[in-house]
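Descriptive analysis of the structure
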Amino acid sequence: MIKHIARKEFTDVVRDGRFRWCAALVGALLLVSLGHGWVQARQAQEELAAAQATARDHWESQGEKNPHSAAHYGIYAFKPRLALSFVDEGVDPYTGTSVWLEAHRQNDFLMRPAQDATAAQRVGALTAAQVLQNLVPLLVILLTFGALAGEREQGTLRQLLATGIGRRELAVGKALGVAGALALLLVPAAVVGAAALVVGSTGPAASPLARGTVLAGVYLAYFGAFVGLGLAVSAWARSARTALVVLLGVWVVNGLVAPRAAVDLSKWIHPTPSAVEFAHTLEQEMAAGVDDIQRPDRAAFGERLLAEYGVERAEDLPVNEVGLYLQESEEFGNRIFDRNYGALWDTFERQGVVHEALAVAAPLLAVRTLSMGLAGTDVEQHRHFATAAEAYRRDMMRQMNLDLAENSRTGELYTAGPELWAEVPPLQYDAPTLGWVLGNRVLSLLVLGLWLAGAGLLAARRVQRAEVA
Amino acid sequence: MTLRTVLRNEWRLLAADPALRVVLGVFAVLFVYALANGMAWAGFQERTVEAARTGNAERVEALEQELADIANGGRPSSPFRDPRAPNVLGGARGARTAVLEPGPLTALAVGQSDLLPYYYDVSIYTNEATFQQNGEVENPLNLMVGRFDLAFVTVYLLPLLVLALSYNVLSEEREQGTLALTLSQPVSARDVVLAKLAFRAVLVVGLAAAVSLLGILATGGFGSPGRVLLWCGTVTVYALFWFALAAWVNGLRRSSAWNATALVGAWLVLVVVLPAAVNFAAGLLHPLPSRVEMITAQREASNDAVNQRSELLARYLEDHPEMAGGVVAEEPGLGALAWAATDAVNSRLEEVTAVHDARRADQLALVRRYRFLSPALLAQEVLVDAAGTGDARFARFQSQVRAFADEWRQFFVPAILASERMDAGVLPDVPVFSFVDEGPADVAGRAAVPLLVLGGLVVLVSAGAAARLGRVRGAD
């Protein structure tokens, strides 16, 4: 019997001209945005990889110079586009794409693509993620709002129940019919997405296929929750019109009101410092130290070194005092940077948790978080790369300072050559694993699961209690 | 029965309808939340600007102090940071902070002010890369989603309030069977709809304007009455567009349910789908090259420059005789050589930027052309512009900072080339940045076309509605 209901619902929907138009539109947008996103992501990644290679080339071909001069020259790191970023560009337009790794300083990521756009463009481009998060649920609403309320209005609900079909079967049948219609749209998109992944995206990613599969599951759960919600409201509402109005209200809150409300709420709860304050604090702490992080004193450091090696003059040391002192102050700076940048990133993550928590009122927030996480375009994975780049900078500086310390004497003019530059390994970035991503996103997974289960239960209950006429 | 009767009855009906009271209440809360957010942001920016100014003043004071100490026989704190050297006094140590005051109505529309920098430290080393720096410290996630401010509530949600209040002004009368009765009075369907919508428009626009004015009052925005007028005018015209659309749909003589569906569909397409589609098309047709090549170009230029500074200096002096002013030290100093290298890098950066900006202009032209497809895009642009947080004001600031940086260089570079030393005596003559804000005419000039188009749409749709409604008789 479920089969019959499902088939009838499916046929109804597919024959409906309005559905065909809407589905064709949404389907086309989905395919085009996927394709366009893929081409763009590929181009961007090629460009970034080329720039990274050039940067490495600059580093290696800098000729004979003092290692500390080389450290000041530094190298640029470019944030790679991960394999799945074509589905969801996430916060990438709003994070910088490159960072200068130089001596003494942890720099900010510069060149945010969004700074080149206009205010109108901040409305958001039509990415596959946008279509999946906003337009597909709308389609689901159009498919479900009349599923029961419509039958009741036409008087066919009474007939249907008179055939002896159970109400649960009715609900499942309706849901399957709607799912079948949606599949006409989603299966091709999934195939295109999978093909794009297999054909290849040049960016690094740990297990892109596994990430893609989980991503598909997340979106299916989201649509499932909307199907359940739509059926529940359709069974509860007195008329199809009421059902539509209520569902559209849910859609507006879900897609428009809640996401923005979360932004300002997160800023009220977890304020961030202004750029002036942040820079000022950093500068002050770098100059004077803070708490138990004290700036190494040059003279005391020299004395200690002399005592350690048991010599009288710095020139008699078997090492270059300058190199060791540079490293000592580098380590002091690192602790200051960790303290300040760490606190800032932590605040960002706490703000992210506010967004995630508000998902109890709007499932989009959970799905968006998961989608960006799996695509590798969320704030946490930006931090992951920033941390990797900073760790690379620190290793590089240590290598320069120790080379200076070990291969020269205090006061000596010393230069190193291309061999030393080549000894610094190139920046190798390993994207975080699927487990890492999901571990960060337990709250969103939980809330999305609650939405799916809650909507399903609600639909079952409401269909059970639905009035026949 | 007169229009006054219609209005009085409408008031009674609305007052008696609990659903409408709830809708209006919800919107009042949304408005107030949006205003509170905007005011918090405006306050934050005020404090930041103040801090930037204080930092600047402290820096200049320290510099003056050190120069005075040196004049009294003291020693510079470090030979590399000797403030008497023009490349130090005009460099990062002596940099002046150029500040853009927050837009007069920032509390109403955050606009681009959370993304674009609103202060720069200007020195002789200011170049195109300077303008690539980040703005305020902000969570990228929050930047991506955008703020819940009055501009957002007005552009996205206000139409829904309008539609909720007016989708059934005529169809409901028909469905209740009261239309024939109403129209048997000496009043036409057009007048009834007009009266009902006028009443609702006063309610909606009044609510929006009251909250806006409250925000303006609280943040001192009345200093720019032109902007306030433009803001309120735009909100009114935009709301009227949706009322006109509702009137037109009511004139089609369909059921309330059909009206609701059609109007929500129109909202979806005009407010949600089209703006995104325009941006999508812009990205597709005119993809923007990333700024990545700027970094590579800068690096290559500085690598080259370091190796051929003497040649560069000769070429620079040929190109810029005004900078040398006839005084070049016999043996070019290190400062002069370094300056030649800096200038070569800057020129290369300007080349790369010019290419990039040309391609960007193509994309912006497309976005600007197709914004006419969506009243929401038009309204958003004018509102943000009126608030003083739009792209135009930031672009104006940037170009004035560029000019100021030029002036700054004119002041210090000749001394660098001549290997001169400076003292506290030059400080009063150092160029000073003061932002020449746009006047009401500038803002109005930019808003004219979008507002005219929006107004034209209102007239067009209203005329269509009037024609449709003129044909409504009580009998149908």
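Preceding this paragraph is the structure being described.
For the structure given in this document, a descriptive report is provided here.

What counts as what
- Residues numbered from 1 in each chain as written.
- Chains lettered and ligands numbered in written order.
- Predicted model: local features only at pLDDT ≥ 70, side-chain atom pairs only at ≥ 80, totals over all residues.
- Buried ≥ 20, exposed ≤ 12 C-beta atoms within 10 Å, placed from the backbone.
- Helix = DSSP H or I, 4+ residues; strand = E, 2+ residues; numbered from the N terminus.
- Pairing = 2+ DSSP bridges.
- Contact = placed C-beta atoms within 7 Å.
- Nonpolar A, V, L, I, M, F, W, Y, C, P; charged D, E, K, R; others polar.
- Axes fitted to C-alpha atoms, helices over the stretch in contact; angles between N-to-C directions.
- Parallel < 35°, antiparallel > 145°, perpendicular 65-115°, else oblique.

1. Quick notes on the pairing of strand 1 (residues 75–78) of chain A
Moving residue by residue along a regular strand, the side chains alternate between the two faces of the sheet. All names here are of chain A. Residues I75 and A77 line one face of strand 1 and the alternating positions Y76 and F78 line the opposite face, and both faces are buried. Pairing geometry for strand 1 and strand 2 (residues 98–102), over 4 bridges, is antiparallel. Within the sheet, the bridge partner assigned to A77 lies in strand 2 and is V99.

2. Overview of the environment of H382 of chain A
Following the sequence through the fold, H382 of chain A ends up in helix 14 (residues 379–407). Remark: the alpha-carbon pair of H382 of chain A and G96 of chain A, spanning 286 residues in sequence, is separated by 9.3 Å. Among residues more than four places away in sequence, those in contact with H382 of chain A are V91 and T95 of chain A together with P140 of chain B.

3. A look at the sheet that holds strand 3 (residues 105–106) of chain A
Ordered by their spatial adjacency, 3 strands build an open sheet running 1-2-3 (chain A), and the pairing between neighbours is antiparallel. Looking at the sheet topology across the chains shown, the edges are occupied by strand 1 and strand 3 of chain A.

4. Topic: the interface of chain A and chain B
Facing 62 residues of chain A, the contacting portion of chain B comprises 59 residues. Of the residues that constitute the side of chain A that touches chain B, the class distribution is 31 nonpolar, 21 polar and 10 charged.

5. A look at the packing of helix 4 (residues 128–144) of chain A against helix 9 (residues 240–269) of chain A
Two quantities define a packed helix pair, namely the angle between the axes and the distance from one axis to the other. All names here are of chain A. It is the contact of helix 4 with helix 9, at a shortest axis distance of 10 Å, that shows an interaxial angle of 170°. By the criterion of interaxial angle, the relationship of helix 4 to helix 9 is roughly antiparallel. Contacts between helix 4 and helix 9 involve N134, P137, L138 and I141 from the first element and L247, L248, W251 and G255 from the second. Residues that form the contact of helix 4 with helix 9 fall into these classes: 6 nonpolar, 2 polar and no charged.

6. So, the environment of F199 of chain B
Residues and elements named next belong to chain B. Note that F199 resides in helix 8 (residues 189–219). C-beta crowding within 10 Å serves as the criterion here: with 21 such atoms nearby, F199 is assigned to the buried category. Along the backbone, F199 and V6 are 193 residues apart, and their C-alpha atoms lie at a distance of 9.5 Å. Ignoring sequence-local partners within four residues, the contact set of F199 consists of L7 and E10.

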